[in-house]
Amino acid sequence: MSNSPLNAFFIGRATAEAVRERVEDAVTDALGSLGKFTAEQQEQLRIFVDTVLEKADQTASTVTTTSTEEESGDLQEIIDNLRFQIAELKSELQQYRND
């Protein structure tokens, strides 16, 4: 009977060590997954920013090219086009107000 408390002590100690090891493994796995998730999110953010900047550069390039072409065109033609666009907008605005 004297061995029973000693056995209980060793069983309790072994149980505590096994639980500690499992908790360590679970925490390590969770931290690894969190690190992987964070790295993936940073990569996705970098790709998104690169895409936005690329589109902005393309748009700026297009606007600059269009402006340059308009400047080199006939001034009267540009004025006529602007008057035509204004007339179209006025017409559409009038239709919108009437609806």
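Parameters at a glance
Residues numbered from 1 in each chain as written. Predicted model: local features only at pLDDT ≥ 70, side-chain atom pairs only at ≥ 80, totals over all residues. Heavy atoms only, no water. Helix = DSSP H or I, 4+ residues; strand = E, 2+ residues; numbered from the N terminus. Buried < 20%, exposed > 50% of the residue type's maximum accessible area, 1.4 Å probe, protein only. Areas by Shrake-Rupley, 256 points an atom, 1.4 Å probe, with all protein chains shown as cover. Salt bridge = Lys/Arg side-chain N within 4 Å of Asp/Glu carboxyl O. Phe/Tyr/Trp six-rings, centres within 6.5 Å; stacked < 30°, edge-to-face > 60°. Patch = residues over 30% accessible without salt bridge, like charges linked within 9 Å, V, L, I, M, F, W, Y side chains within 5 Å.

Re the overall build of the chain
Next, step 1: Looking only at helices and strands, the chain has two helices and zero strands in total.
Next, step 2: Counting the 99 residues in the chain, one finds 0% classified as buried.
Next, step 3: On the chain, roughly 9,100 Å² of surface is accessible, and the fraction owed to carbon and sulfur atoms is 58%.

Some points on the pattern of salt bridges
Next, step 1: Counted according to the given criterion, the structure contains four salt bridges.
Next, step 2: E17 is paired through a salt bridge with R13; the nearest N and O atoms lie 3.7 Å apart. Residue E17 and its partner R13 are both found in helix α1 (residues 3–72); the two are separated by four residues, about one turn of the helix.
Next, step 3: A relative accessible area of 37% places E17 in the partly exposed class.
Next, step 4: Two residues, E43 and R46, come together in a salt bridge whose shortest N-O distance is 2.6 Å.

A short note on the packing of aromatic side chains
Next, step 1: Inspection of every chain in the model, using the stated rule, returns one aromatic pair.
Next, step 2: Aromatic side chains F9 and F10 sit 5.3 Å apart centroid to centroid with 70° between the ring planes, which places their arrangement in the edge-to-face category.

Some thoughts on a nonpolar patch on the surface
Next, step 1: Together, V19, V23, V27, L31, L34 and F37 make up an exposed nonpolar region whose accessible area comes to about 560 Å².
Next, step 2: Examined against the element boundaries, F37 turns out to sit in helix α1.
Next, step 3: For F37, a relative accessible area of 45% puts it in the partly exposed group.

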